[in-house]
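# Observations on the three-dimensional arrangement
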Amino acid sequence: MAGVRRWTVRRILLGAAQTAAVVLLVFALTEALPGDAAVALAGDDPDPARIAAIRAALHLDRPAHERLGEWAAGLLHGDLGVSLASGRPVAAVLTEGFGPTLLLAGLTLALLIPAGVGLGVLAARREGGPVDRVVSSVTLAVYAVPEFAFGVLLVTVLALRLGWLPPTAVGYGTDLLAHPDVLVLPVLVLLSRPVCSISRLVRAGMVEALASPYVAQARRYGLSGARVRYAHALPNAVAPAAQQLARTVDWLLCGVIVVEALFVIPGLGTVLMDAVTARDVPVVQGLAVVFGLVAVVLNLAADLVAHRFAPRAGAAA
């Protein structure tokens, strides 16, 4: 238990260091963005005096290290700053876009775990058979197709040609749950590659676990096939899948921008594109920090889960 506690403390300290690195990296990258936010806010053919006034009002004329210190101190209190474009708190701007994005990510995750694990277990149980070959071939083929191309294909076939589903979310507002048919195509696109990667990882782990000596010993003791598969083999297959699942959840929140753009969904992707267009640096910084923190927390949780199911692998890492 002492070793587990030491390992957990080390991982938490590493997560804190990664969080600090994310904050510094986000600030440095946004500082390196081309253009001037004051010029963008001043409009067409701006007056130099107006530009100087905007820079002074937004504290853009202060040294970078002072603005970094003030911004980092605000982050410690949950203050992400104020939007340059709208004058509203960045947290309020992000909250408006979180709803559709979290809805898409939550629905995808709720379907991903049973689908990915189920396909992996099914293929492992029929290793080398027709079912295994079909599952492996289909998942490999689907994984090779980029999300944007797969989304265009689904829209063309299911929405435009067959007319079964709406092609975009235009005209449906932000209450997407009131129109569930709008969510079908985006969720299918978001599911396509993660299901393939999770199922292939689970299959590989299950095949290796089912061929291990401890599983053979469990069978000699007369344990049922279901108990051997789900109580002994599956936990060992979950460890690598947990790492991939953490990366998948991170991608669902951060990489859903492409899917939101394709289906015109008013989520965080739209917020980010609008902020970049207006050079609204605090909103871009706030989004980047939120995404970075999500990545750090998810990877930390995945390490803890992997260490719980496969402690030797965690100790080796």
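Residues numbered from 1 in each chain as written. Predicted model: local features only at pLDDT ≥ 70, side-chain atom pairs only at ≥ 80, totals over all residues. Heavy atoms only, no water.

Looking now at the packing of aromatic side chains. Enumeration according to the criterion identifies zero aromatic pairs in this entry. Just above the ring of Tyr143 sits the side chain of Arg193; from NZ or CZ to the centre is 4.3 Å. (Phe/Tyr/Trp six-rings, centres within 6.5 Å; stacked < 30°, edge-to-face > 60°. Lys NZ or Arg CZ within 6 Å of the ring centre and 35° of its normal.)

Take the side chain of Gln285 next. Here Gln285 shows up in helix α13 (residues 281-309). Here Gln285 is in contact with Val26, Phe27, Thr30 and Trp71, once residues within four sequence places are set aside. (Helix = DSSP H or I, 4+ residues; strand = E, 2+ residues; numbered from the N terminus. Contact = heavy atoms within 4.5 Å.)

On to the side chain of Ser199, then. Within the secondary structure, Ser199 is located in helix α8 (residues 181-210). The buried category is assigned to Ser199, whose relative accessible area is 3%. Those residues in contact with Ser199 that lie beyond four places of it in its chain are Gly116, Leu119, Gly120 and Thr139. (Buried < 20%, exposed > 50% of the residue type's maximum accessible area, 1.4 Å probe, protein only.)

Glancing now at helix α7 (residues 147-161). If you check α7, its first and last C-alpha atoms are 20 Å apart, about what 15 residues at 1.5 Å a residue would give, namely 21 Å. Of all bends in α7, the biggest is about 30°, found at Val155. One or two steps after α7, the chain reaches Gly163, where phi turns positive at roughly 70°. (Expected span 1.5 Å × (residues − 1). Bend = angle between axes of the 7 residues up to and from the residue.)

Our next topic: the environment of Leu68. Locating Leu68 in the fold gives a position in helix α4 (residues 64-76). With 45 residues separating them along the chain, Leu68 and Val23 place their C-alpha atoms 9.2 Å apart. The contacts of Leu68, once residues within four sequence positions are left out, are Leu24 and Phe27.

Looking at soluble globular proteins, one finds that nonpolar side chains tend to be buried together. Leu104, Leu176, Leu185 and Phe263 are the most contacted members of the largest nonpolar core, which has 33 residues in total. Those elements that place two or more of their residues in this core are α5 (90-125), α7, α8 and α11 (257-263). Looking at this core element by element, the count peaks at 13 residues for α8. If we ignore the near neighbours within four places in the chain, the residues touching Leu104 are Leu183, Pro186, Val187, Leu190, Val256, Glu260 and Ile265. (Core = buried A, V, L, I, M, F, W, Y, C linked by side-chain atoms within 4.5 Å.)

Counted according to the given criterion, the structure contains two salt bridges. A salt bridge links Arg88 to Glu96; its shortest N-O distance comes to 2.6 Å. For Arg88, a relative accessible area of 32% translates into the label partly exposed. Between Asp132 and Arg203 there is a salt bridge, with its nearest N and O atoms 2.8 Å apart. Here Arg203 lies in helix α8 and Asp132 lies in helix α6 (residues 130-143), a separation of 71 residues in the sequence. Of the residues examined, Asp132 reaches a relative accessible area of 4% and is grouped as buried. (Salt bridge = Lys/Arg side-chain N within 4 Å of Asp/Glu carboxyl O.)

Turning our attention to the environment of Phe291. With respect to the secondary-structure elements, Phe291 resides in helix α13. On the basis of relative accessible area, Phe291 is assigned to the buried category, the value being 13%. Sequence separation of Phe291 and Trp251 is 40 residues, and the distance between their C-alpha atoms is 9.4 Å.

To continue, consider the packing of α5 against α8. With their axes 6 Å apart at the nearest point, α5 and α8 run at an angle of 35° to one another. As for how α5 packs across α8, the hand of that crossing is right-handed. In terms of residue class, the contact of α5 with α8 is built from 23 nonpolar, four polar and one charged. (Axes fitted to C-alpha atoms, helices over the stretch in contact; angles between N-to-C directions. Left-handed = near helix turned anticlockwise from the far one by under 90°. Nonpolar A, V, L, I, M, F, W, Y, C, P; charged D, E, K, R; others polar.)

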